[in-house]
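Structure at a glance
Chain by chain, the residues:
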Amino acid sequence: MMEQPASKWILGRSRQCDVVVDALGVETTHCELSRDNESWSISPIDGSVGIRQSDQEPIQWFSKRRSVSATDSLWLTKDLKFPWPVESDAKASLTVGRAIDSDIVMPSTRVSGRHALLIVGHHGTWVLRDHESRNGLFIDEDLQQRVAAVMLLPGRNVFFGSERITANELVAKAKLACGAIMPPAQPAQQPLPPIDSTLTQIRLKARQPKSIAKPIITVLSAIIPSIVAFAIWWVWMRPIPNPQPMEPPIAHERAQSTLIASEAVPLVVEPTPVEPVVKRSDPGDAMYWVVVRHNDSGNYFRLGSAVGVSADTLLTTASVVTSIDQMAADGYSDPSIAHVATGQISQIVSHQVFPEFVKRTQAATAMIAQYESLVKKIGDDAN
């Protein structure tokens, strides 16, 4: 196996550093992170670096080279964690750019298709690294000195060329994107048993059925698939009559807008006073993510997408809406929508499923339960 070449990254306040950390207490050239094959080490230069073995123990500061790992609790100052700057061994890495398949989309002509890479450390640090973009990455208003990478700090600005965005906005977009990459997303449902003739034969063979059951098995093997096929057609393929007009949602104290789901779901949202990065498009043409917030971590996780169909109504799928209630039992709250282009988040205050969809779902569930009961009875009679 070929060994990886050694690499190093200088961290400090200087704009010439590989990773700029413009924070109080950080030296001009603070330290060096280096990699030799699969081993990592930190060498302090003008500053000290600390490591904490556990939350109950104090930070131990060192001024000589020391072996480390990406998961160690490392510190540049007593108030600032060490920003892990390399996608290798990081918790996650996200692409940032104008391209629509970027993890974080910035729809501006001043932003390159793949402008930067956002590296998420294991201890909640965020490092933005230029990806050989045409217009560069800056942290100063005068846009005179490009930087190779920068640690995102609260309240600071970063510039994709001349396109400004605050670190807070970028981190908020990244948290939404992380929900798509490493979600607990909606709870996994238990798979239904295979619906074909082999199910009956396998179960009875395992129980050594008597020969008297063979004619019954042959008949069921021919009939049951037809029953199941009819159930599937009834629930998902039969034309649905036009639903009756729904009563308007109860008036709210403040301005509201409504989300609907395809076969299912009106959701009502209350806009939050968040300024979008770019001018918001007509809600009837906008794309949104439906998200929930994890109560412990505070991160948002994506359940699915929705599209605006009027000024106060969005369309999504029934499974997305029903998942909102399921996720609430698993430690998630604040169901919201997030505008795909701007990252603006609005809270959902109510949702509803069309009765026709509920009726067909219940009918299909009852038919499947009847089928399983019949198979079990045949197996019991054969023993």
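Structure: see above.
Description of the structure in this document. Treat the numbers as computed from the prediction; the structure is a model and nothing was measured. (Residues numbered from 1 in each chain as written. Predicted model: local features only at pLDDT ≥ 70, side-chain atom pairs only at ≥ 80, totals over all residues. Heavy atoms only, no water.)

1. Focus: the overall build of the protein chain
Looking only at helices and strands, the protein chain features five helices and 24 strands. Per-residue burial over the protein chain gives 41% buried out of 383 residues. Across the protein chain, the fraction of contacts at a sequence separation of at least 24, relative to all contacts at a separation of at least 6, is 53%. Element-wise, carbon and sulfur atoms account for 54% of the exposed surface of the protein chain, whose accessible area totals about 21,200 Å². (Helix = DSSP H or I, 4+ residues; strand = E, 2+ residues; numbered from the N terminus. Buried < 20%, exposed > 50% of the residue type's maximum accessible area, 1.4 Å probe, protein only. Contact = heavy atoms within 4.5 Å. Areas by Shrake-Rupley, 256 points an atom, 1.4 Å probe, with all protein chains shown as cover.)

2. Describing the pattern of salt bridges
Inspection of the entire model under this criterion finds ten salt bridges. The shortest N-O distance in the salt bridge between Asp-130 and Arg-146 comes to 2.9 Å. Taken together, the residues span a long stretch of sequence, with Asp-130 in strand E13 (residues 126-130) and Arg-146 in the loop between strand E14 (137-138) and strand E15 (149-151) at a distance of 16 residues. A relative accessible area of 15% places Asp-130 in the buried class. (Salt bridge = Lys/Arg side-chain N within 4 Å of Asp/Glu carboxyl O.)

3. Observations regarding unusual backbone geometry
Phi at Asp-89 is positive, roughly 75 degrees, even though this residue is not glycine. Note on placement: Asp-89 falls in the loop between strand E9 (80-81) and strand E10 (92-97). Since its relative accessible area comes to 41%, Asp-89 is described here as partly exposed. Backbone geometry places Leu-143, a non-glycine residue, at a positive phi of 55 degrees. Inspection of the secondary structure puts Leu-143 in the loop between E14 and E15.

4. Some points on the nonpolar core
Judged by nonpolar contacts, the single largest core of 28 residues is most densely connected at Val-21, Leu-33, Ile-42, Leu-80, Phe-82 and Trp-84. Counting residues per element, the ones that place at least two in this core are strand E1 (7-12), strand E3 (31-36), strand E4 (39-44), strand E5 (49-52), strand E8 (73-77), strand E12 (116-120) and E15. Excluding its chain neighbours within four sequence positions, the residues that come into contact with Trp-84 are Leu-33, Trp-40, Ser-69, Ala-70, Asp-89, Ala-90, Ile-119, Gly-121, Thr-125 and Val-127. Core analysis: the second largest hydrophobic core is formed by 26 residues, Val-20, Val-120, Trp-126 and Ile-139 among them. (Core = buried A, V, L, I, M, F, W, Y, C linked by side-chain atoms within 4.5 Å.)

5. Let's talk about the sheet that holds E5
In spatial order, the strands read E6-E5-E8-E9; together these four strands make up an open sheet with antiparallel pairing. With one partner strand each, in any of the chains shown, strand E6 (60-62) and E9 form the two edges of the open sheet. Summarising the sheet, E5 and E6 pair through three bridges and their orientation is antiparallel. Following the sheet pairing, Gly-50 is matched in E6 by Trp-61. (Pairing = 2+ DSSP bridges.)

6. Thoughts on the packing of aromatic side chains
On inspection of all chains with the given rule, the structure shows three aromatic pairs. Aromatic pair Trp-9 and Trp-40: ring centres 5.9 Å apart, planes at 35 degrees, arrangement tilted. Here Trp-40 lies in strand E4 and Trp-9 lies in strand E1, a separation of 31 residues in the sequence. On the basis of relative accessibility, which here comes to 5%, the residue Trp-40 falls in the buried class. In this structure an aromatic cluster arises from ring pairing among Trp-9, Trp-40, Phe-82 and Trp-84. Across the ring face of Phe-62, the terminal group of Arg-66 is positioned such that the distance to the ring centre comes to 5.5 Å. If you follow Arg-302 out to its NZ or CZ, it ends over the ring of Trp-289, 3.7 Å from the centre. (Phe/Tyr/Trp six-rings, centres within 6.5 Å; stacked < 30°, edge-to-face > 60°. Lys NZ or Arg CZ within 6 Å of the ring centre and 35° of its normal.)

7. Examining the pairing of E1
The sheet contact formed by E1 and E3 spans five bridges and is antiparallel. Within the sheet, the bridge partner assigned to Ile-10 lies in E3 and is Glu-32. Bridge count for E1 against strand E2 (residues 19-20) is two bridges, and the pairing is parallel. Across the sheet, residue Leu-11 finds its bridge partner in E2, namely Val-19.

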